[in-house]
Amino acid sequence: MENQNIISGIEGILFAMGDAVTVAELSKALDLPAEECKAMVESLAQQYKEENRGIQIIKINDGYQMCTSKEVYEYLIKLAKQPKKYVLTEVLLETLSIVAYKQPVTKAEIEKIRGVSSDHAVNRLVEFGLVQELGRLDAPGRPMLFGTTDDFLRAFGISSVEELPVLNATQLEEFKMEAEEEAEESLFNANPMDNE
């Protein structure tokens, strides 16, 4: 198969599938060695970037996806309805960060960290497509395990959870102190009579 035919095949597959396609899937479809296939996809992605095209190929975990470039978004919203935007409140962001860093994680583990019920927050994140059910923990009650989705990676512009920022010990200690202060303040405000 000629290079141009392979490139056309890659473009056609990525366009038609919509979601991320793994190198193994591309390799099988194009009947090419995986390394050669991966090199061609990355070369094509680089070419799109250099030519400032309206589409781009992004890496999502171990796959690749064709999508619209950010630079043409303003033109799209003139033609299409305004896409529905989800608002991530502080509660949702806090819950999402726990899932992202601790996954796979149960609701009970999330609630232990947050100190409050997290049913609503987890359900909303699943509804938004940022969190998904990963299976069940092999423990009494077989609680559901949760983790992030490919949509989470796309939304935050990263190709895998390994790219999440690493918190150093000082930052963790500061966050812990802030959380403890907030908890004490909320207890004080909840029971003002007890503090007189």
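If you tally the helices and strands in the protein chain, you get 9 helices and 6 strands. Counting all 196 residues of the protein chain, 28% fall into the buried class. Across the protein chain, contacts joining residues at least 24 apart in sequence account for 45% of those joining residues at least 6 apart. With the model as given, the accessible surface of the protein chain reaches about 13600 Å², and the carbon-plus-sulfur share is 53%.

Once that is clear, we can look at a negative patch on the surface. Among the surface-exposed residues, Asp-19, Glu-25, Asp-62 and Asp-150 lie close enough to one another that they form a single negatively charged patch. A relative accessible area of 31% places Asp-150 in the partly exposed class.

What follows covers the sheet that holds strand β3 (residues 63–68). Taken together, 3 strands build an open sheet; the order of strands is β1-β3-β2 and the sheet is antiparallel. Both outer strands of the open sheet, β1 (21–22) and β2 (55–60), are each paired with one neighbouring strand and no more. Note that β1 and β3 share 2 bridges and pair antiparallel. Across the sheet, the residue bridging to Val-21 is Tyr-64, located in β3. Against the sheet, helix α3 (residues 34–50) makes contact with β2 and β3, and its axis sits at roughly 135° relative to β2, the strand it touches most.

Bringing the nonpolar core into the picture now. Ranked by size, the top nonpolar core spans 20 residues in total, and within it Leu-96, Ile-110, Leu-125, Leu-130, Val-131 and Phe-152 carry the most contacts. Elements supplying a minimum of two residues to this core: α5 (90–102), α7 (119–127), β6 (144–148) and α8 (150–155). Of the residues forming this core, the biggest block, 5 residues, is contributed by α5. Ranked by size, the runner-up nonpolar core spans 17 residues in total, among them Leu-14, Cys-37, Val-41 and Tyr-48.

Moving on: the pattern of salt bridges. Summed over all chains, the structure comprises 6 salt bridges. One salt bridge connects Glu-94 with Arg-114, and the closest N-O pair in it is separated by 2.5 Å. Of this pair, Glu-94 sits in helix α5 while Arg-114 sits in helix α6 (residues 107–114), placing them 20 residues apart in sequence. According to the relative accessible area criterion, Glu-94 is partly exposed, its value standing at 38%. For the salt bridge of Arg-124 with Glu-127, the shortest nitrogen-to-oxygen distance reads 3.1 Å. Separated by 3 residues within a single helix, Arg-124 and Glu-127 lie in helix α7, roughly one turn from each other.

For β6, a buried count of 5 out of 5 residues is recorded, marking the element as mostly surrounded by other parts of the structure. Of the two faces of β6, the one carrying Met-144, Phe-146 and Thr-148 and the one carrying Leu-145 and Gly-147 are both buried. Both strand β5 (residues 131–136) and β6 contribute to a ladder of 5 bridges, which runs antiparallel. Paired with Arg-136 across the two strands is Met-144, which belongs to β6.

This part takes up the confidence of the model for the protein chain. Of all residues in the protein chain, 83% attain a pLDDT of 70 or more, and the chain-wide mean is 83. Element-level pLDDT for the protein chain is lowest in helix α9 (residues 169–190), with a mean of 64, against a maximum mean of 94 in β6.

The next point concerns the side chain of Thr-148. Structurally, Thr-148 can be placed in strand β6. If we skip the residues at most four places from it in the chain, Thr-148 touches Leu-96, Val-99, Ala-100, Gln-103, Leu-130, Val-131, Gln-132 and Val-161.

About the criteria used
- Residues numbered from 1 in each chain as written.
- Predicted model: local features only at pLDDT ≥ 70, side-chain atom pairs only at ≥ 80, totals over all residues.
- Heavy atoms only, no water.
- Helix = DSSP H or I, 4+ residues; strand = E, 2+ residues; numbered from the N terminus.
- Buried < 20%, exposed > 50% of the residue type's maximum accessible area, 1.4 Å probe, protein only.
- Contact = heavy atoms within 4.5 Å.
- Areas by Shrake-Rupley, 256 points an atom, 1.4 Å probe, with all protein chains shown as cover.
- Patch = residues over 30% accessible without salt bridge, like charges linked within 9 Å, V, L, I, M, F, W, Y side chains within 5 Å.
- Salt bridge = Lys/Arg side-chain N within 4 Å of Asp/Glu carboxyl O.
- Lys, Arg positive; Asp, Glu negative; His and termini not counted.
- Charge placed at Lys NZ, Arg CZ, Asp CG, Glu CD.
- Pairing = 2+ DSSP bridges.
- Axes fitted to C-alpha atoms, helices over the stretch in contact; angles between N-to-C directions.
- Core = buried A, V, L, I, M, F, W, Y, C linked by side-chain atoms within 4.5 Å.
- pLDDT = per-residue confidence, 0-100.

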